[in-house]
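Breakdown of the fold
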Amino acid sequence: MSNAWNEGYFTDEGYTYGYSREINPVFQRYCLLLRGFATLESTDGHHCELGFGQGVSINIHAAGNPGTYVGTDFHPGQAAHAIGLANDWGSDARLYDDSFEQLLARHDLPQFDSISLHGIWTWVSRDNHKLIVEFVRRHLKPGGHVYISYNCFPGWSPMAPLRQLFSLHDRFASQASARPDQRIDAALQFSEALLAANPNYANSVPGLDAKLQSIKGQNRQYVAHEYFNRDWNCMYFTDVVDALAPAKLDYATTAVPLDTVDPLNLSAEGMDFLEGIEHPVMREQARDYFVNQNFRRDLYVRGANRLSASEHRERMLGTRFVLMQLADSVAGSVTGPAGSATLQADIYGPVLDALADDAYVPKTLRHLLEASPALGYGDVEQAINVLIGMGAVAPCQSEAAEKLAQARCNTLNLQLCRRSLFDHKIQVLASPVTGGGVTVSRFQQLFLISIKQGKTRPADWALLAWGIIGGQGEGLLKNGKALTTAEENIAELTEQAEAFAEQSLVILKALKIV
Ligand SMILES: C[S@@+](CC[C@H](N)C(=O)[O-])C[C@H]1O[C@@H](n2cnc3c(N)ncnc32)[C@H](O)[C@@H]1O
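Quantities reported herein were computed from a predicted structural model and do not represent experimental measurements.

1. A short note on the overall build of the protein chain
When its secondary structure is counted, the protein chain shows 22 helices and 16 strands. Its C-alpha radius of gyration of 24 Å places the protein chain within 12% of the 24 Å reference for a compact globule of 514 residues. Classification of the 514 residues of the protein chain by burial places 54% in the buried group. Across the protein chain, contacts joining residues at least 24 apart in sequence account for 76% of those joining residues at least 6 apart. Total accessible area on the protein chain stands at roughly 22300 Å², and carbon and sulfur atoms take up 51% of it. On the protein chain, the mean spot of the 43 positive side-chain charges and the mean spot of the 57 negative ones are 4 Å from each other.

In structure tokens, the structure reads:
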């Protein structure tokens, strides 16, 4: 493939097919609301994703959220994949293979309620930063928000020189004719040899070798995009605040709910120290030193409007939440940079019970509070936030929005399940309840096809799955061992289908995926 268009971005290896909940406008609005910010919420909003990769998240969100979507990724293979999927479910999303510069030159784009860029900022040039900022300046509505994630200092300081070595080896010492995976392996081997020769750099940074070994074990597509681009602009939080200011953006809050729970992230000494810093930007930057932050997921607003305390509470009380797993499977503790905390049974027990009531249907915070009379508003709000941070609970959109998204999600999910007949690339389905994605493995998607065909017994779901997988010459692994006979494979699939029936279906029904 000619790569004259790629501006030094490592495009020889396509990106992964992952899903990111932080790009979901419903999730973003919850994070903003939690911190008392007013957000734009309408059933005919416009949303944009810059650099959508293979387009899994943008398709899920375009189906799950009412309104319209625009997105671009200049990798034509990835854009073709995203557009192919959008066409499959009849989406009206406008997906392009424009560079950011080309997208900026369009005159037919709306004003957006939200613009998201996940895993983009660090890996593009300073010129592209300016284009992105200009795009936001022109196209974000007043009151709209931006989600942006990026690698940052100080957490990256020890590793940055190692990343530089990979990219330099690829540029100066790789054979241009070698396959991308061979070029990556060669750069990793070169770096390993360099570290083994005891440079002072390695002596002053403990643990580099272990880090290199862990990178060697990672998915090559991910490694290519994370470490092998010509551009790699790791920045401090404050530098990003400055860079986004010309688009009239102010930092609002993190899109990582657990970041808002101080005891999980900071020592008592750290909390005391930060409390003494008045300026919010300085405080947030200093906080990155305490947690040694290396990757930030942030929300910015154009024209930050704070809700009054009573309006904030009222909106929180009116927000619905839903469990993403069985209540009794939620872990009893949670871990952050400052250590682990046990979830207090007298708080989390009643909240989880209330969420599980009535076949797990979504409940408002008001309902959860009424169902747990011994708990105060603050207890329930924090418990829900921690559970969201753990991925056990998700915020929901309005019932009106859910109704508008239902048919779209049904069509997309059917197409995704059909794709599972051929491969396991996309292991996520769209929920009209949360507006976002839910992990559903290939086998589980095959079980859903069988359910759609009217089969009610897990043993029949397993037979359908085995017919597909076995027919393609594939088989399952159990405890790391390949199952070789049809009987063994069917028995394992039946076990998985029974677990799916007992543990997953109730959740998928509450999420209106089934
Ligand atoms: C690390 S990937 C992240 C993809 C996606 N946001 C995700 O998280 O799955 C970065 C993406 O940005 C795209 N990209 C890089 N530079 C670009 C540019 N100048 N214009 C448009 N897309 C670009 C790449 O093709 C790549 O798919």
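2. Quick look at the domain arrangement of the protein chain
Along its sequence, the protein chain is organised into domain 1 (21-154 + 234-302), domain 2 (160-218), domain 3 (320-395) and domain 4 (404-510). Taking only C-alpha atoms, the centre of domain 2 and the centre of domain 3 are 43 Å apart.

3. Some details on the sheet that holds strand E8 (residues 320-323)
Reading across from one edge, E11-E8-E12 is the order of the three strands in this open sheet, with antiparallel pairing throughout. Two strands in the sheet have a free side with no partner beyond their single neighbour: strand E11 (363-364) and strand E12 (393-395). Here E8 pairs with E11 via two bridges, running antiparallel. Each residue of the ladder has a partner; that of Arg-320, found in E11, is Thr-364.

4. Section: the sheet that holds strand E4 (residues 112-117)
Sheet architecture is open: seven strands sit in the order E3-E2-E1-E4-E5-E7-E6, paired in mixed fashion. On the outer flanks of this sheet lie strand E3 (94-96) and strand E6 (249-254), each paired with one strand and no other. With strand direction ignored, the average angle separating the axes of adjacent strands in the sheet is 15°. Pairing geometry for strand E1 (residues 46-50) and strand E2 (residues 68-72), over five bridges, is parallel. Bridging from a neighbouring strand, Cys-48 pairs with Val-70 of E2. Where helix H2 (residues 56-64) meets the sheet, it contacts E1, E2 and E3, and its direction lies at approximately 170° from that of E2.

5. Observations regarding the packing of aromatic side chains
For any pair of aromatic rings, the description rests on two quantities: the centre-to-centre distance and the angle between the ring planes. Per the counting criterion, the structure on display carries 13 aromatic pairs. Where Phe-153 meets Tyr-236, the ring centres are 5.2 Å apart and the plane angle is 45°; that geometry is what we call tilted. Of the two residues, Phe-153 sits in the loop between strand E5 (140-151) and helix H6 (160-173) while Tyr-236 sits in the loop between helix H10 (220-227) and helix H11 (237-244), which places them 83 residues apart along the sequence. Note on Phe-153: relative accessible area 17%, which makes it buried. We classify Tyr-236 as partly exposed; its relative accessible area is 29%. Over the ring of Tyr-96 we find Arg-106, and its NZ or CZ is 3.6 Å from the ring centre. Over the ring of Tyr-377 we find Arg-313; its NZ or CZ atom is 4.4 Å from the centre of that ring.

6. Let's talk about H11
Considered for burial, the residues of H11 that qualify are Phe-237, Val-240, Val-241 and Leu-244. Looking straight down H11, one finds that the buried residues subtend no more than 105° of arc, so they occupy a single side. Elements in contact with the buried residues of H11: helix H5 (126-139), E5, E6, helix H14 (280-291) and strand E7 (295-302).

The rules behind each value
- Residues numbered from 1 in each chain as written.
- Predicted model: local features only at pLDDT ≥ 70, side-chain atom pairs only at ≥ 80, totals over all residues.
- Heavy atoms only, no water.
- Helix = DSSP H or I, 4+ residues; strand = E, 2+ residues; numbered from the N terminus.
- Rg over C-alpha atoms; globule rule 2.2 N^0.38 Å.
- Buried < 20%, exposed > 50% of the residue type's maximum accessible area, 1.4 Å probe, protein only.
- Contact = heavy atoms within 4.5 Å.
- Areas by Shrake-Rupley, 256 points an atom, 1.4 Å probe, with all protein chains shown as cover.
- Lys, Arg positive; Asp, Glu negative; His and termini not counted.
- Charge placed at Lys NZ, Arg CZ, Asp CG, Glu CD.
- Domains from an automatic or database assignment.
- Pairing = 2+ DSSP bridges.
- Axes fitted to C-alpha atoms, helices over the stretch in contact; angles between N-to-C directions.
- Phe/Tyr/Trp six-rings, centres within 6.5 Å; stacked < 30°, edge-to-face > 60°.
- Lys NZ or Arg CZ within 6 Å of the ring centre and 35° of its normal.
- Arc of directions from axis to C-beta.

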